[in-house]
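Here is how the chains run, residue by residue.
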Amino acid sequence: VQLVESGGGLVQAGGSLRLSCAASGITFSINAMGWYRQAPGKQRELVAAISNGGGITKYADSVKGRFTISRDNAKNTMYLQMNSLKPEDTAVYYCNAGLYSGSVYLPRGYWGQGTQVTVSS
């Protein structure tokens, strides 16, 4: 299983970035997927998750209304559109292949290497 994130970078506050996660070695279309982030000195946290068909999404309260998760099963790729970025969004962003149990996203042991997002004030 390989998950490869891309699209991170340095952006000013208020700017936008679009992250991508390309998956291989898994049947992408049957997996729920999630974006996590980890800032220095903090625990990894779930940012957004999406069901295998894309019909169910969830977001951390801190990014609701600013971030949008989506997926293209034909391309085995997941995206995270991040708008109105804030300095507190600075972190390494990771993608994960998991599953939904009811309305709860459960990560599995498939992680990408991460992509750095830095938002300057």
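Please refer to the structure placed before this passage.
One numbering rule holds for all chains: residues counted from 1, following each sequence as written. Reporting in this predicted model follows two pLDDT cut-offs: at least 70 for local features of residues, and 80 or more for side-chain atom pairs to be given and counted; totals over whole chains, interfaces and linings ignore these cut-offs and use all residues. Excluded from the side-chain calculations are hydrogens and water; all other atoms, namely the structure's heavy atoms, are used.

Caption draft 1: Focus on the overall build of the protein. What counts as a helix is a DSSP run of H or I of at least four residues, what counts as a strand is a run of E of at least two, and both are numbered from the N terminus. The number of helices and strands found in the protein is zero helices and 11 strands. Along the protein, helices (α) and strands (β) appear in the sequence β-β-β-β-β-β-β-β-β-β-β when read from the amino end. Taking 121 residues into account, the globule formula puts the C-alpha radius of gyration at 14 Å, and the protein, at 13 Å, falls close to it. Dimensions of the protein, computed from the C-alpha atoms along their principal axes, are close to 40 × 25 × 25 Å. For every residue, the accessible area (1.4 Å probe, protein chains only) is compared with the maximum for its type, and the residue is labelled buried under 20%, exposed over 50%, or partly exposed between those bounds. When burial is assessed residue by residue, the protein has 42% of its 121 residues classed as buried. For this analysis, residues touch if any pair of their heavy atoms sits within 4.5 Å. Within the protein, residue pairs in contact and separated by at least 24 positions form 56% of the contacts whose partners lie at least 6 positions apart. The size measure is the radius of gyration over C-alpha atoms, and the globule rule it meets is 2.2 Å times the number of residues to the 0.38 power.

Caption draft 2: The arrangement of the pattern of salt bridges in detail. Take a side-chain nitrogen of Lys or Arg and a carboxyl oxygen of Asp or Glu: if they are within 4 Å of each other, that pair is a salt bridge. Going through the model one piece at a time under the given rule, you end up with four salt bridges. Linking E45 and R37 is a salt bridge whose minimum nitrogen-to-oxygen distance equals 2.7 Å. Beyond isolated ion pairs, a larger network of salt bridges with shared partners links R37, E45, R66 and D89.

Caption draft 3: Summary view of the state of the cysteines. Any two cysteine sulfur atoms lying within 2.5 Å of each other are counted as a disulfide. Summed over all chains, the structure comprises one disulfide. Here C21 is linked by a disulfide to C95, with a sulfur-sulfur distance of 2.1 Å. Looking down the S-S bond of the C21 and C95 bridge, the torsion is 55°, so its handedness is right-handed. Taken together, the positions of C21 in strand β3 (residues 17-24) and C95 in strand β9 (residues 91-101) put the pair 74 residues apart, joining distant regions of the chain.

Caption draft 4: Expanded view of unusual backbone geometry. Even without glycine at this site, N76 takes up a positive phi of about 50°. Along the polypeptide, N76 turns up in the loop between β7 (67-72) and β8 (77-82).

Caption draft 5: Representation of the nonpolar core within the structure. By convention a nonpolar core is built from buried Ala, Val, Leu, Ile, Met, Phe, Trp, Tyr and Cys residues, the set being connected through side-chain atoms within 4.5 Å. Judged by nonpolar contacts, the single largest core of 28 residues is most densely connected at W35, M78, L80, M82 and Y93. With residues up to four places along the chain from it excluded, the contact list for Y93 reads E5, L19, W35, Y36, R37, V47, F67, L80, M82, G114, T115 and V117. Y36, A49, Y100 and Y105 belong to the second-largest nonpolar core, a separate cluster that totals five residues.

Caption draft 6: Broad picture of the pairing of strand β10 (residues 104-111). In this description, strands pair whenever DSSP reports at least two bridges between them. Strand direction decides the pairing type here: β9 and β10, joined by six bridges, are antiparallel. Counted as the bridge partner of N96 is W111 from β10. Hairpin connection between β9 and β10: a loop of two residues separates the two successive antiparallel strands, and G102 in this loop has a positive phi of roughly 65°.

Caption draft 7: Here's a closer look at the sheet that holds β8. In spatial order, the strands read β1-β3-β8-β7; together these four strands make up an open sheet with antiparallel pairing. Each having just a single partner strand, β1 (2-6) and β7 make up the two edges of the open sheet. Sheet twist, expressed as the mean angle between neighbouring strand axes with direction ignored, is 15°. To get an axis, a line is fitted to the C-alpha atoms, and for a helix only the part in contact is used. The angle between two axes follows their N-to-C directions and goes from 0 to 180 degrees.

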